[in-house]
Amino acid sequence: MHRKDVRWQALRCLLMALLVLAPGSVFSQPVSEEQNLLRDGIRSLAELIRPPVLSETDIPYADTGNPRHRLDLYLPRERNTEKLPVIVFVHGGAWMAGDKSGVSDVLRPFVLSGDYACVAIGYRLSDEARWPAQIHDCKAAIRWLRANADFYGLDAERIAVWGFSALPTGRSPDRRL
């Protein structure tokens, strides 16, 4: 589970425990109109502290056991469509450096819109595997996305690939990945 999700869940649990266990809690006494307003306000507060982005990190996309063969999936809590188009982000580093963990801030605005799911792909770097293994890893991640699209509510026919540095060397605009 992503660290931010754990913090949100802990904060939400703490707030609910305080509300239920506090002396004179609105949940332990007869309810007046003022208490109903307070309770409704608390529900609104609980909704406000829910994280708007659901994240599932380090999902293996290949059965290799290699920690580089993992992806992070970011989904909006509130979707604007049943099946979301996907933005796949390939981290930069000229295929030699970097990792997928630093790109969630780049993807967040797209996910928050409710219009897109986003994925950050990890791949083997060039000191571990010779070119074109890196682009093969990216293609394997996209094949995994297509195979699991229904489970996550993704549109397997609408996948865009984006990235910095490494990506332009491996793109193929005329062919499906």
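Numbers given to residues run from 1 along each chain, matching the order in which its sequence is written. The predicted origin of the model limits local features to residues at a pLDDT of at least 70 and limits the giving and counting of side-chain atom pairs to 80 or more, whereas totals for whole chains, interfaces and linings rest on all residues. Hydrogens and waters are ignored; side-chain quantities use all the structure's heavy atoms.

Enquirer: Lay out the pattern of salt bridges in plain terms, naming residues and giving numbers.
Expert: For this document, the term salt bridge refers to a Lys or Arg side-chain nitrogen within 4 Å of an Asp or Glu carboxyl oxygen. Inspection of the entire model under this criterion finds 5 salt bridges. As a salt-bridge pair, D150 and K83 come within 2.7 Å of each other at their nearest N and O atoms. You can see D150 sitting in helix α5 (residues 149-152) and its partner K83 sitting in the loop between β2 (70-76) and β3 (84-90), a full 67 residues away along the chain. Only protein chains enter the calculation, and the probe is 1.4 Å; a residue is then buried if its accessible area is under 20% of its type maximum, exposed if over 50%, and partly exposed in between. By relative accessible area, D150 is classed as exposed at 64%. Residues participating in the shared-partner salt-bridge network are D58, D72 and K100. Per the convention used, a helix needs a DSSP run of H or I reaching at least four residues, while a strand needs a run of E reaching at least two, with both numbered from the N terminus.

Enquirer: Report on the environment of V119, specifying residues and quantitative values.
Expert: With respect to the helices and strands, V119 occurs in strand β4 (residues 117-121). Each C-alpha atom of the pair V119 and Y74 lies 6.2 Å from the other, and the pair is 45 residues apart in sequence.

Enquirer: Can you explain the nonpolar core? Please cite residues and give values.
Expert: Among the nonpolar cores identified, the biggest contains 25 residues, and Y61, L71, V119, I121 and L154 are the most heavily contacted of them. Every element with two or more residues in this core is listed here: β2, β3, β4, α4 (133-147) and α5. Looking at which element gives the most residues to this core, the answer is α4, with 7 residues. In what follows, a contact means two residues having at least one pair of non-hydrogen atoms within 4.5 Å. Excluding anything up to four places from it in sequence, Y61 contacts R68, H69, R70, L71, I121, G122, Y123, D137, A140, A141 and W144. Side-chain atoms within 4.5 Å link the members of a nonpolar core, which is a set of buried Ala, Val, Leu, Ile, Met, Phe, Trp, Tyr and Cys residues. Membership of the second largest hydrophobic core comes to 9 residues, among which are V53, Y74, V111 and A120.

Enquirer: Lay out the packing of aromatic side chains with the relevant residues and their values.
Expert: The criterion for an aromatic pair is that two Phe, Tyr or Trp rings (for Trp, the six-membered ring) have centres within 6.5 Å, with stacked assigned to planes under 30 degrees apart, edge-to-face to planes over 60 apart and tilted to the rest. Evaluation of the coordinates by the stated rule reveals 9 aromatic pairs. For the ring pair W144 and Y152, a centre distance of 6.0 Å and an interplane angle of 45° mean the geometry is tilted. Assessed through its relative accessible area of 16%, W144 is described here as buried. Put simply, the rings of F89, F110, Y116, W162 and F164 touch in pairs and so form one group of aromatic residues.

Enquirer: Go over unusual backbone geometry with me, naming the residues and quoting the values.
Expert: At the junction of W131 and P132, the peptide bond is cis and its omega measures out at 15° in the coordinates. Structurally, P132 can be placed in the loop between β4 and α4. Of note in this structure, D58 is not a glycine but carries a positive phi near 55°. Overall, D58 belongs to the partly exposed group, its relative accessible area being 41%. A positive phi angle, near 65°, is found at W95, a position not held by glycine. Along the chain, the position of W95 falls in the loop between β3 and α3 (104-112).

Enquirer: Pulling in residues and values, what's your account of the sheet that holds strand β5 (residues 154-163)?
Expert: Within the open sheet, the 5 strands sit side by side as β1-β2-β4-β3-β5. Their pairing is mixed. Looking at the sheet topology across the chains shown, the edges are occupied by β1 (53-60) and β5. Recorded for the sheet is a direction-independent mean angle of 20° between the axes of neighbouring strands. The rule for pairing is simple: two strands pair if DSSP sees at least two bridges between them. Sheet topology note: the β2/β4 ladder contains 4 bridges and is antiparallel. Structural elements are reduced to axes, namely lines fitted to C-alpha atoms, with helices fitted over the stretch in contact, and the angle between N-to-C directions of any two is expressed from 0 to 180 degrees.

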